[in-house]
Amino acid sequence: MIEPSPRGPTVETVPEGDTRTRLVCPDCGYIEYGNPKIVVGAICTWEGRILLCRRAIAPRIGYWTFPAGFMERGESAAQGALREVEEEARARAEIEDLLGVYEIPQVGHVYLIYRARLLAPDCGAGPESREVGLFDWNDIPWADLAFSSVAWGLERFREGGGPHFLVYPA
């Protein structure tokens, strides 16, 4: 394995055998691959109400989202979504199925959004949330949703069926 040098990858070039420009370390040849990140999340329900979290971290502090975040190495996408539910909403859930895949190539994100059922109505703000709540459909704060992926996921949830797929912008 090539270890990065203290200077790190600073030269933009097409490495030998590659077809794309990458950042390469001029000292050791280490190649930095800026590959997309996987975001996992779950739209969780309890007796018809939807779990939402008001963000306490950047970006979009103070705006609402369903529990979601970057998938971690060593976990499945579904495990990551359930971890995010526990971390952000102090809640426990069970995955029902994949609701949709939402891609944003411009920022290198691929969202895997699951439909889930809360195991109990108990929830509370984790370190990344200011507050959490269970919302009836008509009470969802649509004007204060954090990201386009949140609105898209909620709308697909309401439509039922699935899984749905979208490359943003459509």
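Structure's up top.
The structure displayed is predicted, hence computed values, not measured ones. (Residues numbered from 1 in each chain as written. Predicted model: local features only at pLDDT ≥ 70, side-chain atom pairs only at ≥ 80, totals over all residues. Heavy atoms only, no water.)

Peer 1: Whenever I open this one, the overall build of the protein confuses me. Can you help?
Peer 2: Scanning the protein from terminus to terminus reveals two helices and 11 strands. Listing the helices and strands of the protein from first to last along the sequence gives β-β-β-β-β-β-β-α-β-β-β-α-β. Taken over the C-alpha atoms alone, the protein extends approximately 60 × 35 × 30 Å along its principal axes. In the protein, buried positions account for 41% of the 170 residues. Excluding contacts between residues fewer than 6 apart, the proportion of contacts in the protein whose partners are at least 24 apart in sequence is 60%. For the protein, the computed accessible surface area is about 9,600 Å², with 50% contributed by carbon and sulfur atoms. (Helix = DSSP H or I, 4+ residues; strand = E, 2+ residues; numbered from the N terminus. Buried < 20%, exposed > 50% of the residue type's maximum accessible area, 1.4 Å probe, protein only. Contact = heavy atoms within 4.5 Å. Areas by Shrake-Rupley, 256 points an atom, 1.4 Å probe, with all protein chains shown as cover.)

Peer 1: Honestly, the nonpolar core in this entry has me stumped. Any pointers?
Peer 2: Within soluble globular proteins, side chains that are nonpolar tend to cluster in buried spots. Ile43 and Ile113 are the most contacted members of the largest nonpolar core, which totals 20 residues. Of all the secondary-structure elements, those providing two or more residues to this core are strand 4 (37–46), strand 5 (49–55), strand 8 (93–104), strand 9 (109–118) and helix 2 (148–159). Tallying contributions element by element places helix 2 first for this core, with four residues. Apart from residues lying up to four places away in sequence, isoleucine 113 is in contact with Gly41, Ile43, Phe66, Leu98, Leu99, Gly100, Tyr102, Ser149, Trp152 and Gly153. (Core = buried A, V, L, I, M, F, W, Y, C linked by side-chain atoms within 4.5 Å.)

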